[in-house]
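# Observations on the three-dimensional arrangement
Okay, here's what each chain looks like letter by letter:
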Amino acid sequence: MAGVEDRVAPQTTNGAPASADDIVVTNPATGREIARVPDLTAEQVAELARKARAAQPGWQALGFDGRARIMLRAQKWVLDNRERVIQTIVSETGKTYEDAQLAEISYAAAGFGFWAKNAEEYLADEKIKASTPLVAGRKLYRRFAPLGLVGVIGPWNYPLTNSFGDCIPALMAGNAVILKPSEETPLTSMLMAEAMRECGLPADVFQIATGRGATGSALVDEADMIMFTGSTATGKKVMAKAAETLTPVSLELGGKDPMIILSDADVERAANAALYYSMQNSGQTCISTERVYVEAPVYDEFVAKITEKARTLRQGDPSGGPGSVEVGAITFPKQMEIIEDHVKDAVDKGAKIVVGGHRRAGDGTFFEPTIMVDVDHSMKAMTEETFGPTLPIMKVSDAEEAIRLANDSPYGLAASVFGKDMKRAEQVARRLEAGAVVVNDAMLNYSVMELPMGGWKASGLGSRHGAGGIRKYTAEQAIMLTRFAPKKDLHMFPYKAGRTKLLGKFFGLLYGRGKRD
Ligand code: NDP
C-alpha cells in the first residue's frame, strides 16, 4: 500500500479555486494532510442544482435499460479500480484494507448490479383491482415517477457504502443526484464522480457538493428529496429544515445495537461474532454491536473467550495493506472525545476494563480495542451511541431481563440473538424493538439488498434496500383510465330524490349484508 498518500495528493476540486476556507482532509492514521477541497456556498449549491435539473430529463428519457448499462459499466469500473478505491477510502478514513474491501467495495459492486437488474421491476406500473363498483370498467394503475433532484447527505464512516451507495438507486429511478459527503471524507465521493463520468453518465446528472454542515443545509433547500445518514441530532435538524419546503426525507441515524447471548448459544461462535461486529471498522458502523447481554450460565465462559481473543487484535496504521492490522483508526477526531468519555464514565461508576481502555499515544487517532464488564444502564457506554472499538458486556439472569434491557434504549436500528434453540431465539428476536434482528449472526443482513434496512424509534425514518429502498426516490402517482362510459353517470348533477334513494339502497346492499358480531 505504499504511495497511498501520493495518489490522493493535496488537490482542490469542482473547478473552484483554492481558498483559505478550503477543507483540509487528513489521514487519521497518520495525522497528515492528504487533500483540500472547497467548502461550497449556498449559491454554489444552487448552481449545481440548476445544472442537475437541466440534465435530469435526458437521464430519465434514457429509460431503465440505458441507465442500467451505465451502472453495469460502473460495477466493472469499481472492480477494475478496486486498489485505487480502497487506497482512497483507507487514506481518508484510517480503516483497514479488509474493512474497505468487504463493507465498501463489495457493497458498491453488488449495489450497481442489484439496482441495474431490479429497478425496473420495483418501479413498474402496478395494476390495481378496485373493490368499489363505482369505477367498474376503468383501468387503474399505481405508478412511480422520478422526483427530479435527490440530495444525498453522507457520513464519514462508510464514504463509499453510506454516501455513494444511496446514489445508485436514486439514479436508477431516473433522478439527478447531488451528493454532499462528510467534510472528513470527501475524496471517495469525488473519485466516484470521476468513475461515473468515465462510464458514460451524462454531465451534471451526478455532482458532488463538498462542504461543511451549511453546504448540507443548502442542499436540503434545493433538492426534491433528501436521503440523510448520520447522527440523530443532525437528522432532526435536516428534517426540521426539510419541513419548511415539505421536502420528503429518509433518515438512517444512530444506533446502540444489543446482542443477546442465550444460555444454549454456541459460545465460541458468539464470542467471535461479538468481537468482530463490535471492532470491525473500529466500531464505527451504525449497526455495530454496541452492548452485549449474556445469560448467567454462560457469562464467565463468554467473557473468558472474548477477552482472550480481543488481546490478540493488532491495531495501527493500515497502510501496510491486507493482513497487516485488524483494527484501524478513529476517522472523526471528535469521536475520540465521546469514546473516552463513555469509558471514563463507566469506570467511574464501577465498570471493570478487561482489555484496552485507552487512547493510543503517537501519530494518528487510535483507541485501543476495549472490553468492559460489570456495566449497567446508569452508564453512557450502555445507553448512548459510542461509535468506537469498545464492547461493554452485562450479565443477565434470564432472557426476559435481556429483552427488557435491550429495549431500554431510544434507538432501534438492529439487534442480534445467539442460541441453538431456533424457536426460542426467534421468539426473543421478535420481541426486540429494532428495524432488523439477526439470529446467530449480526450485520450480514445489510448485504442482502432484497431485505429492507431501516431504524425504529430514534434510529431513523424509511429504509434502504428492497422495493422501499428505490420507491422512496419517486413520487407515487395513481392513474385511472376511463374508456367506455355513459354520457352521464348516475351520481352526476342534477341531484334527484329518486336517484339519490336508489343509490342509498345500492350502498345498503353493497356494504350492509353479511354476518357480523
Ligand atoms: P452528522 O450527523 O453531524 O453528519 C452527517 C452529515 O451531515 C455530514 O455530511 C455533515 O457534514 C452533514 N451535516 C451536518 N450538519 C448539517 C446540517 N445542519 N444540515 C445538513 N447536513 C448537515 O455526523 P457527524 O459526522 O458529526 O457524527 C456525529 C455522530 O453521528 C457520531 O458520533 C455517530 O454517533 C453518529 N454517526 C452515525 C452514522 C450512521 O451511520 N448512522 C454515521 C456517522 C456518524 P459535515 O461532516 O461536513 O459536518
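Residues numbered from 1 in each chain as written. Predicted model: local features only at pLDDT ≥ 70, side-chain atom pairs only at ≥ 80, totals over all residues. Heavy atoms only, no water.

## Brief notes about the packing of aromatic side chains
- Counted under the stated rule, the structure contains 12 aromatic pairs.
- Seen in terms of ring centroids, Trp 115 and Tyr 122 are 6.1 Å apart; in terms of plane orientation they differ by 55 degrees. Their pairing is tilted.
- The exposure class of Tyr 122 is buried, given its relative accessible area of 16%.
- With a centroid separation of 5.4 Å and an interplanar angle of 80 degrees, the aromatic rings of Phe 164 and Phe 206 are classed as edge-to-face. Of this pair, Phe 164 sits in helix α6 (residues 159–164) while Phe 206 sits in strand β7 (residues 206–208), placing them 42 residues apart in sequence. Comparing Phe 164 with Phe 206, the two get one shared label, buried.
- Grouped by ring-pair contacts, the aromatic residues Phe 112, Phe 164 and Phe 206 constitute a single cluster.
- A cation over an aromatic ring shows up here: Arg 67 above the ring of Phe 64, its NZ or CZ 4.8 Å from the ring centre. (Phe/Tyr/Trp six-rings, centres within 6.5 Å; stacked < 30°, edge-to-face > 60°. Buried < 20%, exposed > 50% of the residue type's maximum accessible area, 1.4 Å probe, protein only. Helix = DSSP H or I, 4+ residues; strand = E, 2+ residues; numbered from the N terminus. Lys NZ or Arg CZ within 6 Å of the ring centre and 35° of its normal.)

## A word on the pattern of salt bridges
- Applying the stated rule across the entire model yields 28 salt bridges.
- Its salt-bridge partner being Asp 489, residue Arg 138 comes within 3.4 Å of it at the nearest N-O pair. Separated by 351 residues along the polypeptide, Arg 138 in the loop between β3 (126–127) and β4 (139–146) and Asp 489 in the loop between β20 (474–481) and α18 (497–512) bring together distant segments of the chain. For the pair shown, Arg 138 and Asp 489 are each scored as buried.
- Lys 305 is the partner of Glu 268 in a salt bridge, and the nearest nitrogen-oxygen pair spans 3.0 Å. (Salt bridge = Lys/Arg side-chain N within 4 Å of Asp/Glu carboxyl O.)

## Observations concerning helix α8 (residues 187–198)
- Across its 12 residues, α8 extends 17 Å between first and last C-alpha, which sits within 8% of the 16 Å expected from 1.5 Å per residue.
- Most of α8 sits inside the fold, with nine of its 12 residues counted as buried.
- When we look at burial in α8, the residues that qualify are Leu 187, Thr 188, Ser 189, Met 190, Leu 191, Met 192, Ala 193, Ala 195 and Met 196.
- Note on α8: the residue one or two positions beyond its end, Gly 200, has a positive phi of about 100 degrees. (Expected span 1.5 Å × (residues − 1).)

## Here we look at the sheet that holds strand β13 (residues 370–373)
- A sheet is described by the order of its strands in space; here seven strands give the open sequence β12-β13-β14-β11-β10-β16-β17, paired in mixed fashion. At either end of the open sheet lies a strand with only one pairing partner, and these are β12 (352–355) and β17 (436–439). Sheet twist, expressed as the average angle between the axes of neighbouring strands with direction ignored, equals 25 degrees.
- Where β13 meets strand β14 (residues 390–396), three bridges bridge the pair, whose relative direction is parallel. Along β14, the bridge assignment pairs Ile 371 with Leu 391. (Pairing = 2+ DSSP bridges. Axes fitted to C-alpha atoms, helices over the stretch in contact; angles between N-to-C directions.)

## So, the pairing of β4
- Of the strand pairs in this sheet, β3 and β4 are connected by two bridges, and their pairing is antiparallel. Looking at β4, one finds that Lys 127 is bridged to Tyr 141.
- In this sheet, β20 lies alongside β4 in antiparallel orientation, the contact comprising eight bridges. Bridge pairing links Arg 143 to Gln 477 in β20.

## Focus on the environment of Ile 105
- Considering the arrangement of structural elements, one finds Ile 105 in helix α5 (residues 97–122).
- In this structure the C-alpha to C-alpha distance between Ile 105 and Ile 89, which are 16 residues apart in sequence, comes to 9.8 Å.
- What Ile 105 contacts, discounting residues up to four positions off in sequence, is Val 78, Arg 82, Val 85, Ile 86, Ala 100 and Leu 160. (Contact = heavy atoms within 4.5 Å.)

## A look at the packing of helix α4 (residues 82–93) against α8
- Between α4 and α8, the least distance of the axes is 9 Å, while the angle of their chain directions is 155 degrees. With respect to each other, α4 and α8 are oriented roughly antiparallel. Between α4 and α8, the residues in contact are Arg 84, Val 85, Thr 88, Ile 89 and Glu 92 and Leu 187, Thr 188, Leu 191 and Glu 194, respectively.
- Residue classes in the contact of α4 with α8 are distributed as four nonpolar, two polar and three charged. (Parallel < 35°, antiparallel > 145°, perpendicular 65-115°, else oblique. Nonpolar A, V, L, I, M, F, W, Y, C, P; charged D, E, K, R; others polar.)

## Some remarks on the side chain of Glu 252
- By the secondary structure assignment, Glu 252 is in strand β9 (residues 249–252).
- Looking at Glu 252, its side chain comes within polar contact range of the side chain of Arg 464, at 2.7 Å. (Polar contact = N/O pair within 3.5 Å; in protein donor to acceptor, adjacent residues only side chain to side chain.)

## Description of the nonpolar core
- Of all hydrophobic cores here, the largest spans 94 residues; its most connected members are Phe 206, Ile 261, Phe 302 and Ile 393.
- For this core, the element with the most residues is α5, which contributes 11 residues.
- By size, the runner-up hydrophobic cluster in this structure holds 29 residues, among which are Met 372, Val 396, Ala 399 and Val 417. (Core = buried A, V, L, I, M, F, W, Y, C linked by side-chain atoms within 4.5 Å.)

## Thoughts on the sheet that holds β9
- Reading across the sheet, the six strands line up as β7-β6-β5-β8-β9-β19 and stay open at both edges, with mixed pairing between neighbours. Both edges of this open sheet fall to β7 and β19 (460–461), since each of them pairs with a single strand only.
- By the bridge criterion, four bridges tie strand β5 (residues 149–153) to strand β8 (residues 225–229) in an arrangement that is parallel. Across the sheet, Val 150 pairs through a bridge with Met 225, a residue of β8.
- Helix α2 (residues 42–61) contacts β5, β6 (176–180) and β7 of the sheet and is inclined by roughly 150 degrees relative to β6.

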